[in-house]
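What follows is the residue order along each chain.
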Amino acid sequence: MATPQNTFGFVVVSNRLPVDRVEHGGDGQWQRSPGGLVTALEPVMQANDGAWVGWPGIADREFEPFENDGAWLVPVPLSEDEVADYYEGFSNDTLWPLYHDVIAQPSYHREWWEAYVRVNQRFADAAAKVADEKALVWVQDYQLQLVPAMLREQRPDLTIGFFNHIPFPAYGIYSQLPWRKQIVAGLLGADVIGFQRAADAGNFARAVRRLFGYSAKGTHLEVPETRPDGSTEMRHVVARHFPISIDVAGYEELARTAEVQARAAEIRRELGDPAIIMLGVDRLDYTKGIGHRMKAFGELLADGRLDVESSMLVQVASPSRERVETYKTLRDEIELTVGRINGDYGHIGHQAINYLHQSYPRDEMVALFLAADVMLVTALRDGMNLVAKEYVASRIDEGGVLVLSEFAGAADELKSALLINPHDIEGLKDAMMTAVSMTKKERQTRMRSLRKRVREHDVEFWSASFLDVLRKASPAGAPDVADPGDA
Ligand code: GDG
């Protein structure tokens, strides 16, 4: 158990804390925040008595650090304006679309950038305060790309890791960013910079060469650093891929429970026992290609290759970033598409698309995964896509077919899925039909091979491999950080 000591040998820094502050009337409570990062890092935190620095998800409030579930949590306050400019603005309306290959137009506003710098500095200061001498600090994601250099500036004794959960774009796109040099310089403050795909790490190394002319050979970068006496020395930085994963055992365990299996059967019945259930599960985000898969499904109904009596698409689109304009427009577009397809092809008692703009508990998601014959992951660009791995982990019966976009990081690993280009609607339709008509034997062979991959590369494997490289990269000889399995 963590104790309220002052400093820690292992510190995680992320935009959000693993818990959210929720206010009911005058009554405040801490609630575990949903999302993969908490599940990914919680075991490492618990094994290490670590500290976690992050925003508690509520604006204009200050909270004292506190102990929660084996970790010391350090809340970083944000004002309402900072949430609008640093988070919804620069993070979600500048960096997010830019890093996802400008699927949506990024907005560049100088005041958003200023807020980003100011807030990154606040996170860096908070982390510097709770880190032991020579501690390991692991900074997460695109909201905090300046933190590594800001931390190194104050605390050269630290070993600093950074993990980027979203893609890093090709230089031709990245170079649009007015603050492209500052961001790369911020990241280069880290000893190890992790990406989802080898291609992302390659794009980053090219940006480093183009913007600074530093040597970048393979995954090794040489960054010149000025010593206090004015001389220059080369600092070694590793930039490579560490594909993130999920708690595979947790998903398998849920999928094995009688309740979840009964619920999966009940879902099929409630949907009218169609022969084919296709499923999409995404945050409602324009990177996920939700409209593309609906278009393909609608055309298959129009062409008569599928019929509405025996096939159905269930789309869970969990609410996301609802105050950002592009997301409001996306929601309208998707809902218009659902309405049109249902209007054109539905029969009484047979909806073509069952659209759910809601969030569900994890056991319900696993029941849905078990109920779905075909899982559609058609992202236009995605760092990894955990849903693809969750589907595979849940299919303990070796049933189901995964249709997976080659533009999702998961495609590098899940090669036995039906890989598709979501922009190629004809190709996508063909893959959906291949999935529907696949023999049981081929389904099993493919699913077995997918399951082998995710079981051998679960989230514990991800964090252990990152921390292993980080420890080795440490010039100062960082303290040992225990793997969750060590306990
Ligand atoms: C970013 C990167 C990268 C969704 N709706 C519900 C629900 N979810 C869960 C899924 C999954 C998670 O949210 C979403 O993760 P993804 O990986 O699919 O996508 P992003 O949110 O965009 O995540 C991505 C990831 O970071 C990790 O590095 O893979 O590429 O974009 O776990 O299951 N969970 C529940 N109810 C829902 O309604 N319980």
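Anything mentioned here points back to the structure above.
Quick look at the structure, then.

How each quantity is defined
Residues numbered from 1 in each chain as written. Predicted model: local features only at pLDDT ≥ 70, side-chain atom pairs only at ≥ 80, totals over all residues. Heavy atoms only, no water. Pairing = 2+ DSSP bridges. Helix = DSSP H or I, 4+ residues; strand = E, 2+ residues; numbered from the N terminus. Contact = heavy atoms within 4.5 Å. Axes fitted to C-alpha atoms, helices over the stretch in contact; angles between N-to-C directions. Core = buried A, V, L, I, M, F, W, Y, C linked by side-chain atoms within 4.5 Å. Buried < 20%, exposed > 50% of the residue type's maximum accessible area, 1.4 Å probe, protein only. Near = heavy atom within 4 Å. Polar contact = N/O pair within 3.5 Å; in protein donor to acceptor, adjacent residues only side chain to side chain. Nonpolar A, V, L, I, M, F, W, Y, C, P; charged D, E, K, R; others polar. Domains from an automatic or database assignment. Expected span 1.5 Å × (residues − 1). Arc of directions from axis to C-beta.

### Comments concerning the sheet that holds strand β1 (residues 8-16)
Next up, step 1: Strand order in this open sheet of 10 strands is β5-β6-β4-β1-β7-β8-β9-β12-β11-β10, and the pairing throughout is mixed. One side of each edge strand has no neighbouring strand; the edge strands of this open sheet are β5 (66-68) and β10 (216-217).
Next up, step 2: Sheet strands touched by helix α4 (residues 147-154): β7 (131-140), β8 (159-163), β11 (220-226) and β12 (232-241). Its angle to β8, the strand with the most contacts, is close to 175°.
Next up, step 3: Contacting β9 (192-195), β10, β11 and β12, helix α7 (residues 198-212) runs over the sheet at an angle of about 155° to β12.

### A closer look at the nonpolar core
Next up, step 1: Formed by 104 residues in total, the largest nonpolar core has its most connected members in V53, F123, L151, Y174, I183, I193 and F204.
Next up, step 2: In terms of residue count, helix α3 (residues 110-130) provides more of this core than any other element does, 11 residues in total.
Next up, step 3: Setting aside chain neighbours within four positions, we find I183 in contact with F90, Y99, W113, Y116, Q145, L146, Y174 and L177.

### Let's talk about helix α8 (residues 248-256)
Next up, step 1: Those residues of α8 that sit buried are V248, G250, Y251, E252 and A255.
Next up, step 2: Elements in contact with the buried residues of α8: α9 (258-270), α12 (362-371), α13 (386-394) and α15 (440-456).

### Considerations on the site of the ligand
Next up, step 1: Neighbouring residues of the ligand: 20 residues in total, closest H165, Y360, D382, L386 and E390.
Next up, step 2: Q196 is positioned with one of its side-chain polar atoms (N or O) 3.0 Å from an oxygen atom of the ligand.
Next up, step 3: K288 places a polar side-chain atom, nitrogen or oxygen, 3.0 Å from an oxygen atom of the ligand.
Next up, step 4: Taken together, the elements giving at least two residues each to the shell around the ligand come down to α12 and α13.
Next up, step 5: In terms of residues, the shell around the ligand owes the most to one element, α13, which gives three residues.
Next up, step 6: Looking at the shell around the ligand, its residues break down into eight nonpolar, seven polar and five charged.
Next up, step 7: For the shell around the ligand, the two domains that each supply at least three residues are domain 1 (8-244 + 460-480) and domain 2 (248-456).

### A few points about the pairing of β1
Next up, step 1: The element β1 is extensively covered by neighbouring structure, given that seven of its nine residues are classed as buried.
Next up, step 2: The pairing of β1 with β7 spans five bridges and is parallel. Opposite F8, over in β7, you have A131 as the bridge partner.
Next up, step 3: Inspection of the sheet shows β1 paired to strand β4 (residues 51-55) by four bridges, in the parallel sense. Bridging from a neighbouring strand, R16 pairs with W55 of β4.

### A word on α9
Next up, step 1: Look at α9: 18 Å from first C-alpha to last across 13 residues, which is about the 18 Å you get at 1.5 Å a residue.
Next up, step 2: For α9, the set of buried residues is V260, A264 and I267. The buried residues of α9 occupy an angular sector of 60° when projected down its axis, which confines them to one face. With respect to the buried face of α9, the exposed residues turned more than 90 degrees away are A258, E259, R269 and E270.
Next up, step 3: Residue G272 follows α9 closely and has a positive phi angle near 90°.

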